[in-house]
Amino acid sequence: MLEIDVEHLETHAVLRPRGEIDAYTVAQFRERIGELALEPRLLIDLGSVPFMDSAGLGALIGGIRRIRDSDGEVVVACGEGALARLLHTTGFDRIVPVTETSEAALASLLSTESSETA
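This write-up is about the structure you can find in this document. (Residues numbered from 1 in each chain as written. Predicted model: local features only at pLDDT ≥ 70, side-chain atom pairs only at ≥ 80, totals over all residues. Heavy atoms only, no water.)

**Section: the nonpolar core**
Rules: Side-chain atoms within 4.5 Å link the members of a nonpolar core, which is a set of buried Ala, Val, Leu, Ile, Met, Phe, Trp, Tyr and Cys residues. Any residue under 20% of the maximum accessible area for its type is buried, any over 50% is exposed, and the rest in between are partly exposed; the area is computed with a 1.4 Å probe on protein chains only. By definition, any uninterrupted DSSP run of H or I lasting at least four residues is a helix, any uninterrupted run of E lasting at least two residues is a strand, and each is numbered from the N terminus. In what follows, a contact means two residues having at least one pair of non-hydrogen atoms within 4.5 Å.
Grouped together as the largest cluster of nonpolar side chains are 28 residues, with contacts concentrated most on Phe29, Ile44, Leu46, Leu60, Val76, Leu87 and Phe92. Going through the elements one at a time, β2 (13-18), α1 (26-35), β3 (41-45), α2 (54-69), β4 (73-77) and α3 (82-89) are the ones with two or more residues in this core. If you tally residues by element for this core, the top one is α2, at five residues. With near-sequence residues (within four places) excluded, Leu60 lies in contact with Phe29, Ile33, Ile44, Leu46, Met52, Leu87 and Phe92. Among the nonpolar cores identified, the runner-up in size contains six residues, and Leu43, Val75, Ala77 and Ala105 belong to it.

Okay, structure coming up:
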């Protein structure tokens, strides 16, 4: 079972899926990330996702591509486990910043905002 929380804050939005993202839950994940395609700044917190298969990774990349097509910024927080290894092994971390904590992801996200306004 997958639960997905979305929080809209003053400076950014946060997408927090909880549970496995696989062939059975990917449609729900793809729909929620698609709903955020126009967000100027999005933090995706995967800290409560113990497993993601290739379908989930594809949905994540597709969602990030849509957000960037709308000139949005995205960062991902995912801890240090198997999911972090997957993101680093596949080169995902060369596409979008990947941090261990949501605090580090937020700092990265807000630093891009301040460098754009400078």
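**Focus: α2**
For clarity, the threshold we go by: Take the residue count of a helix, subtract one, and multiply by 1.5 Å to get its expected span. N or O atoms within 3.5 Å of each other form a polar contact, as long as, within protein, one can give a hydrogen and the other can take it, and as long as residues adjacent in sequence are counted only when both atoms are side-chain atoms.
Its 16 residues place the ends of α2 22 Å apart at the C-alpha level, agreeing with the 22 Å of an ideal helix rising 1.5 Å per residue. For α2, the set of buried residues is Gly56, Leu57, Ala59, Leu60, Gly62, Gly63, Ile64 and Ile67. Where the residues of α2 are buried, they touch α1, β3, β4 and α3. Capping of α2 at its N-terminal end is provided by Asp53; its side-chain oxygen lies 3.0 Å from the backbone amide nitrogen of Ala55.

**Examining the pairing of β4**
To keep it simple, the criterion reads: A crossover gets the label right-handed when its path from the first strand over the helix to the second runs clockwise, viewed with the strands pointing away from the viewer. What makes two strands pair is DSSP finding at least two bridges between them.
In terms of burial, β4 is a largely internal element, four of the five residues being buried. Traced from β3 through α2 to β4, the parallel crossover comes out right-handed. By the bridge criterion, two bridges tie β4 to strand β5 (residues 98-99) in an arrangement that is parallel. Pairing of Ala77 across the sheet is with Thr99, part of β5.

**A short note on the pattern of salt bridges**
Using the following cut-off: The working definition used for a salt bridge is a side-chain nitrogen of Lys or Arg within 4 Å of a carboxyl oxygen of Asp or Glu.
A complete count under the given rule lists five salt bridges for this structure. Here Arg16 and Glu7 are joined by a salt bridge, their closest N and O atoms 3.0 Å apart. Taking the shortest distance from any N to any O, the salt bridge between Asp45 and Arg16 comes out at 3.8 Å. Here the residue Asp45 occupies a position in strand β3, and Arg16 occupies one in strand β2, the gap between them amounting to 29 residues. On the accessibility criterion, Arg16 (30% relative accessible area) is partly exposed. Here the residues in one salt-bridge network are Glu3, Asp5 and Arg18, joined through shared partners.

**Section: the sheet that holds β3**
For clarity, the threshold we go by: Lines fitted to the C-alpha atoms define the axes, with helices restricted to the stretch that makes contact. Angles between their N-to-C directions range from 0 to 180 degrees.
Read across the open sheet, the five strands follow the order β1-β2-β3-β4-β5; overall the sheet is mixed. Two strands close off the open sheet at either side, each with one partner strand: β1 (3-8) and β5. Both β3 and β4 contribute to a ladder of five bridges, which runs parallel. Paired with Leu42 across the two strands is Val74, which belongs to β4. Across the sheet, α2 touches β3 and β4, and the angle it forms with β4 is around 150°.

Remember, this is a structural readout, not a statement about activity or role.
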